[in-house]
Amino acid sequence: VWHMDREEDGGILTNFGMADESRKINVNEITNVWVAAAVRSLVETAGDVGPDAAVRIVACVSDWVDPDDIPRENGAEDGVYSSRSPPYRCHNGRMTCIEELSLVEGLDAGTYARVAPYLTVFGTNTGVNVNVARPVALRALARARQGAKDAEIERLLDRIMKFRKDGGLIKSLDKRSVRYALFGEGGLTASEAGEWAIVEWLLNHRLMTVQSRYYYGISTGQLSLGDAGERRISFVYDGARDAIEAWNER
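Residues numbered from 1 in each chain as written. Predicted model: local features only at pLDDT ≥ 70, side-chain atom pairs only at ≥ 80, totals over all residues. Heavy atoms only, no water.

### Let's talk about the nonpolar core
- Counting 64 residues, the largest nonpolar core has Ile-25, Val-27, Val-61, Leu-101 and Leu-119 as its most contacted members.
- Secondary-structure elements contributing two or more residues to this core are helix H1 (33–45), helix H2 (51–65), helix H4 (109–115), helix H5 (135–143), helix H6 (150–165), helix H7 (175–183) and helix H8 (190–204).
- Contacts of Leu-101, omitting those with residues within four sequence positions, involve Val-27, Val-61, Met-95, Leu-107, Tyr-112 and Leu-119. (Core = buried A, V, L, I, M, F, W, Y, C linked by side-chain atoms within 4.5 Å. Buried < 20%, exposed > 50% of the residue type's maximum accessible area, 1.4 Å probe, protein only. Helix = DSSP H or I, 4+ residues; strand = E, 2+ residues; numbered from the N terminus. Contact = heavy atoms within 4.5 Å.)

This is the structure in structure tokens:
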């Protein structure tokens, strides 16, 4: 069982084991204003897209998952997709696989490839697990806070990554517990206060979690009888139910 990660420099890394989906931003929750802001930030940074195009992409994704047929400003509903060749309908519901995102107006193949590794469609959380989230996802969440300074964000990311590398684990969303874990029990310096303001904002808007539930993996094998050839199974395991949430064979 293995999975692939996209590194910050764009490289692809193959890892053994399953990938924790809670380290990603849940794009199915994009109708939440704060998740929408985080996805917009992700599209701009990881997706290398300009601000106006990112706003349009977020509007189109929001229209794709919301239940109505009314296009948002800069969005897209059936009128856009029916003119494609071949035509198809706007989903108007929660996505069941991340690949569905490639059907959304405004997301070309390159942008999709750059942002998809940091997005998930599983679960109902609006936040990501700070104990396992990659810097790209954390950076997008932090940038969703208006007024957050790039220097503060990068210092905070360095702090979280060092904390995790040293074996640290945030076990509770209690503000005091989170603050003591990351900054210690003493007073905050001026620069630390700026970092803590970002963390507190993430906690207040439920953009941070500390638990995991869904895990993604890929398994490949070679058939020895009948139609010989390689077969691949990708799956998502729900740890809370001890059951397979999604299964795809090809």
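### Considering the packing of H1 against H5
- At a closest axis distance of 7 Å, the pairing of H1 and H5 adopts a crossing angle of 125°. Taken together, the axes of H1 and H5 lie oblique to each other. Relative to H5, H1 is oriented so that their crossing is right-handed. Residues Ala-38, Ser-41, Leu-42, Glu-44 and Thr-45 of H1 touch H5, and the partners they reach there are Val-136, Arg-139, Ala-140, Leu-141 and Arg-143.
- Grouping the amino acids of the contact of H1 with H5 by side-chain chemistry returns 5 nonpolar, 2 polar and 3 charged. (Axes fitted to C-alpha atoms, helices over the stretch in contact; angles between N-to-C directions. Parallel < 35°, antiparallel > 145°, perpendicular 65-115°, else oblique. Left-handed = near helix turned anticlockwise from the far one by under 90°. Nonpolar A, V, L, I, M, F, W, Y, C, P; charged D, E, K, R; others polar.)

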